[in-house]
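Analysis of the macromolecular model
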Amino acid sequence: MTKNLPAATAATLLALAAGTASACATCGCSLSTDAATGYSTAPGWRLSLQYDDIDQSQLRHGDKPISTASVAAINDAGGDQEVEHDTVNRYTTLGIGWSPDEDWGLRALVPWIDRGHSTYANATNPVTDDQLSTAKIKGLGDIRLVATWQGLLEEKNLGLQLGIKLPTGHYGGPNADGTGVVGRHPAAFKGGPLSTNETPDNLVDTSLQAGTGTTDLIVGAYYHRAVSTNLDAFVNGQYQVAFANRLHTAGEDFRVGDTAFVSFGARYEANPEIVPQLQVNISHKSADQGALADNPDSAGSVVYLSPGVTGTLGAHVQAFAFVQLPVASHLVGYQLAPRWTGSAGVSYAF
């Protein structure tokens, strides 16, 4: 069993964001897609499809990048530190929303996870290609259900959110002492030295699975208003906390860390058909808890600068594309992080 959790800290920040945001906070990293497409108050149905590409290919420690050799040197000195290579996350999220009136909105977010992970495990210098183990994690992720109420102000520009994340994705992995398998259909390594181990030593760690095995509470709020003739500004935030975990037995327990997201920015609306936008997205995740968690390598904060554009393709169709550029971060321990992320989506209202 290797400590794959470091890569998953940034992945969790991004993946949780991807699920929660479509309801109004962060999507595909910590992007605010409701701000991207505008906060709609129109009654009716809305279908959306979003694709997020997040390639975590840079090892980081604190607020700086760090070389593979430097991490492997920890093991040269007698340490016990995983040397990760890459984690590529691709999320495709189906959104189904319904608003009975201009005050209320309900949305279900159904993510499909496609994650590739590679690691040198607890390698020493020099790391070589024959030490690299690879895994592919595919499947349904954790579904989110979020309700929004924006009836407090007459302008309908203040929204409050309450939601729940369900443990629908496969989850689990090897137990703490490596003698058994816990959870539901956890993925295994398919290539490299770790793939040749007997189960459960060939399993990918818990935090890199398609689901977390936890039921989470989601609370959030947003506010937007015009600040000039053509400029609309917004701010939103969301907090997610696990309150029930299916992995709860001693030596087999896992609880994903709490996450918080804050976004603010502005939309330039001189031409309603093409709306440029700039966002600042901030994510923070606390350390995972439990015997299957790697507490020293599972917390962190990231700030993204996110330029993008939204286009109206017809009376009922909108599309958007954004790039997120990390401008500041502090990751506890040794973790993989993306150099940039990309998000694109389309929605249909009827």
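Residues numbered from 1 in each chain as written. Predicted model: local features only at pLDDT ≥ 70, side-chain atom pairs only at ≥ 80, totals over all residues. Heavy atoms only, no water.

**Description of the side chain of T212**
Mapped onto the elements of the fold, T212 is located in the loop between strand 10 (189-191) and strand 11 (214-226). With relative accessibility at 15%, the residue T212 sits in the buried group. In terms of polar contacts, T212 uses its side chain to reach the side chain of K165, at 3.0 Å. One polar contact links T212 to T214, side chain to side chain, over a distance of 2.7 Å. Other than its neighbours up to four places away in sequence, T212 contacts D142, K165, Y171, F254 and V256. (Helix = DSSP H or I, 4+ residues; strand = E, 2+ residues; numbered from the N terminus. Buried < 20%, exposed > 50% of the residue type's maximum accessible area, 1.4 Å probe, protein only. Polar contact = N/O pair within 3.5 Å; in protein donor to acceptor, adjacent residues only side chain to side chain. Contact = heavy atoms within 4.5 Å.)

**Re the pattern of salt bridges**
Overall, the coordinates contain nine salt bridges when judged by the stated rule. Of the charged contacts, one joins D103 and K156 as a salt bridge, the two residues approaching to 2.6 Å between their closest N and O atoms. Highlighted residues: D103 in the loop between strand 3 (84-99) and strand 4 (104-119) and K156 in the loop between strand 6 (144-149) and strand 7 (158-165), separated in sequence by 53 residues. Assessed through its relative accessible area of 14%, K156 is described here as buried. A salt bridge links D142 to K165; the nearest nitrogen and oxygen atoms lie 2.7 Å apart. Taken together, the residues D142 in the loop between strand 5 (133-140) and strand 6 and K165 in strand 7 connect sequence positions 23 residues apart. Here the two residues D142 and K165 agree in accessibility, since each one is buried. (Salt bridge = Lys/Arg side-chain N within 4 Å of Asp/Glu carboxyl O.)

**A word on the packing of aromatic side chains**
Enumeration according to the criterion identifies five aromatic pairs in this entry. Between W104 and W149, the ring centres sit 6.2 Å apart and the planes meet at 40 degrees, which makes this aromatic pair tilted. Here W104, found in strand 4, pairs with W149, found in strand 6; they are 45 residues apart in sequence, far enough to count as distant. For W149, a relative accessible area of 27% translates into the label partly exposed. (Phe/Tyr/Trp six-rings, centres within 6.5 Å; stacked < 30°, edge-to-face > 60°.)

**Structural notes on the environment of S133**
The topology assignment puts S133 in strand 5. Of the residues examined, S133 reaches a relative accessible area of 1% and is grouped as buried. It is 18 Å that separates the C-alpha atoms of S133 and N75, two residues lying 58 residues apart in sequence. Residues within four places of S133 in sequence aside, it is in contact with H117, S118, T119, F189, G191, G192, P193 and L194.

**Details of the confidence of the model for the protein chain**
When pLDDT is averaged along the protein chain, the result is 91; 92% of the residues meet or exceed 70. Confidence drops under a pLDDT of 50 for residues 14-28, and excluding neighbours within four residues, the segment shows 76 contacts in the predicted structure. (pLDDT = per-residue confidence, 0-100.)

**Here's the deal with the layout of surface pockets**
Taken as a whole, the largest pocket spans an internal volume of roughly 660 Å³. Looking at the lining of the largest pocket, the elements that each hand over two or more residues are helix 2 (33-37), strand 1 (44-62), strand 3, strand 4, strand 6 and strand 16 (317-349). Looking at the lining of the largest pocket, its residues break down into 15 nonpolar, 17 polar and six charged. (1 Å grid on protein atoms, 1.4 Å probe; cavity = no way out; pocket = protein on both sides within 12 Å on 5 of 7 lines; lining within 4 Å. Points joined across faces, edges and corners; volume = space filled by probe spheres on them. Nonpolar A, V, L, I, M, F, W, Y, C, P; charged D, E, K, R; others polar.)

**Here's the deal with helix 3 (residues 68-76)**
What helix 3 keeps buried is the set V71, A72 and N75. Looking straight down helix 3, one finds that the buried residues subtend no more than 95 degrees of arc, so they occupy a single side. (Arc of directions from axis to C-beta.)

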